[in-house]
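# Coordinate analysis (summary)
Residue-level listing of the chains:
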Amino acid sequence: MTAIDPLSCTPAHLANPAIAPGTLAQIAQHRPDLRASVRQHPACPPDLAAWIDQQALQQPQYQSAPAQYGTVGPQAGAAAGGAASTRTSSTWHTIALIAGPVIGLLAIIASFLPAVAVTIGSRSDSSNFWDIDDKSYDVQILIASLLVIAVGIGAFFVRKFPVVLGAGVITVLGGIWDGITWFNANSEISDAQKTVKQAKSSYGSLGGSFEVSRGVGMYMLIIAVLLLLACGAAIIAAGLQLRPAAGIAAGPGGYGGHPGAVQPGAHMATGPQMQPGARPSPYQQQGPYYQ
């Protein structure tokens with residue numbers, strides 16, 4: 001069997017009946033102008049011939065010849081790499097969309113945990129955000145977190161550019177809202193601690209048995225706030241990747257630089273094309289596909 005460099009192959013080379021099927025597959029892969037000659041070669045296997053017929057009909061941008069006849073070409077490798085990249089992107093998109101509602105639920109749980117603890121002597125008591133009636137911290141956390149959960153679930157099932165992007169923006173805003181709530185509550189706790197410290201300075205041991213400290217709910221809420229901001233940024237990035245691509249300009253070798261690609265709305269040929277004035281080859285005349 002004879003091996004030929006596909007890039008330097010000419011119709012005269014294809015007159016050699018001893019060319020290996022793998023070489024014919026590589027020539028068909030890299031030299032669309034010689035596919036008709038490859039199709040007529042006596043060593044052309046049936047499945048390679050069928051593949052050439054399919055290319056003539058469909059003219060896809062990325063397609064590889066049957067793998068059993070040799071290594072795939074660079075276009076097929078690029079397509080495989082693009083598919084792997086798409087799977088990776090889809091994975092972290094899914095993680096971000098799931099994480100948003102989970103973190104929102106974490107913020108709601110934090111609102112029910114002790115936010116402040118007060119110790120008087122041997123007695124200790126604690127309060128959560130729902131115990132503070134005049135500040136509505138509980139309602140603010142609940143509304144912000146429920147919005148994050150709702151848009152996250154919606155974006156998970158409707159993965160469209162505006163939906164995912166909007167979910168990311170609302171997740172960031174929800175994190176900011178919860179962060180403002182945490183900041184206000186933390187300021188009140190800090191003021192109470194300063195008051196206790198001043199009382200101890202003024203009254204000595206009389207104030208020694210009184211302590212005010214932050215509860216686990218405060219720490220969990222600030223963690224949820226930071227995670228919401230990070231998750232929202234990730235969802236926004238995921239949404240931007242779903243943005244519809246702008247129009248592709250026509251370039252050499254086909255629309256957008258891809259061989260066989262045509263501009264949207266333009267007529268795409270359904271079979272091998274002939275130069276003006278040329279006589280149809282036997283390859284173009286054979287079979288019902290080329291009528």
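Nothing here was measured: the structure is a model prediction, and the numbers come from that model. (Residues numbered from 1 in each chain as written. Predicted model: local features only at pLDDT ≥ 70, side-chain atom pairs only at ≥ 80, totals over all residues. Heavy atoms only, no water.)

Our next topic: a nonpolar patch on the surface. The grouping of Val169, Leu173, Ile176, Ile180, Leu226 and Leu229 at the surface amounts to a nonpolar patch, some 500 Å² of accessible area in total. Broken down by secondary-structure element, the contributors of at least two residues to the nonpolar patch are α6 (161-203) and α7 (216-241). Top element by residues in the nonpolar patch is α6. It accounts for four residues. Here Leu173 is to be found in helix α6. (Patch = residues over 30% accessible without salt bridge, like charges linked within 9 Å, V, L, I, M, F, W, Y side chains within 5 Å. Areas by Shrake-Rupley, 256 points an atom, 1.4 Å probe, with all protein chains shown as cover. Salt bridge = Lys/Arg side-chain N within 4 Å of Asp/Glu carboxyl O. Helix = DSSP H or I, 4+ residues; strand = E, 2+ residues; numbered from the N terminus.)

Applying the stated criterion across every chain yields a total of two salt bridges. Salt-bridge contacts for Asp33 lead to Arg31; the nearest nitrogen and oxygen are separated by 3.0 Å. The exposed category is assigned to Asp33, whose relative accessible area is 54%. Residue Arg31 is classed as buried on the basis of its relative accessible area of 15%. A salt bridge links Arg39 to Asp53, with the nearest nitrogen and oxygen atoms 3.1 Å apart. Residue Arg39 is found in helix α2 (residues 35-40), and its partner Asp53 is found in helix α3 (residues 46-58); the two are separated by 14 residues along the sequence. Here Asp53 falls in the buried class, since its relative accessible area comes to 12%. (Buried < 20%, exposed > 50% of the residue type's maximum accessible area, 1.4 Å probe, protein only.)

Before going further, it helps to examine the packing of helix α1 (residues 21-30) against α3. Direction vectors running N to C along α1 and α3 enclose 5°, while the axes themselves pass 11 Å from each other. Taken together, α1 and α3 sit at an angle that is classed as roughly parallel. Across the interface between the two elements, Pro21, Leu24, Ala25, Ala28 and Gln29 from α1 touch Leu48, Trp51 and Ile52 from α3. (Axes fitted to C-alpha atoms, helices over the stretch in contact; angles between N-to-C directions. Parallel < 35°, antiparallel > 145°, perpendicular 65-115°, else oblique. Contact = heavy atoms within 4.5 Å.)

Now for the UniProt feature "transmembrane region" (unreviewed entry) in the protein. Taking the UniProt record as the reference, the feature "transmembrane region" (unreviewed entry) is found at residues 95-120, 140-158, 163-183 and 216-240. Here residues 163-183 is 100% helix and 0% strand, with 30 Å between the C-alpha atoms at its ends. Counting secondary structure, residues 216-240 comes out at 100% helix and 0% strand; the distance between its end C-alpha atoms is 36 Å. (UniProt positions renumbered as here; feature names shortened; annotations may be inferred.)

A word on the sheet that holds strand β2 (residues 123-127). For sheets, the rule is that strands pair by backbone hydrogen bonds, running either parallel or antiparallel. Spatial strand order, β2-β1-β3: three strands in an open sheet with antiparallel pairing. Two strands lie at the open edges of the sheet, namely β2 and β3 (210-214), each paired on one side alone. On average, each strand axis in the sheet is inclined to that of its neighbour by 15°, with strand direction left out of account. Relative to β2, strand β1 (residues 116-120) runs antiparallel, the two sharing five bridges. When the sheet's bridge partners are listed, Val116 is paired in β2 with Ser127. (Pairing = 2+ DSSP bridges.)

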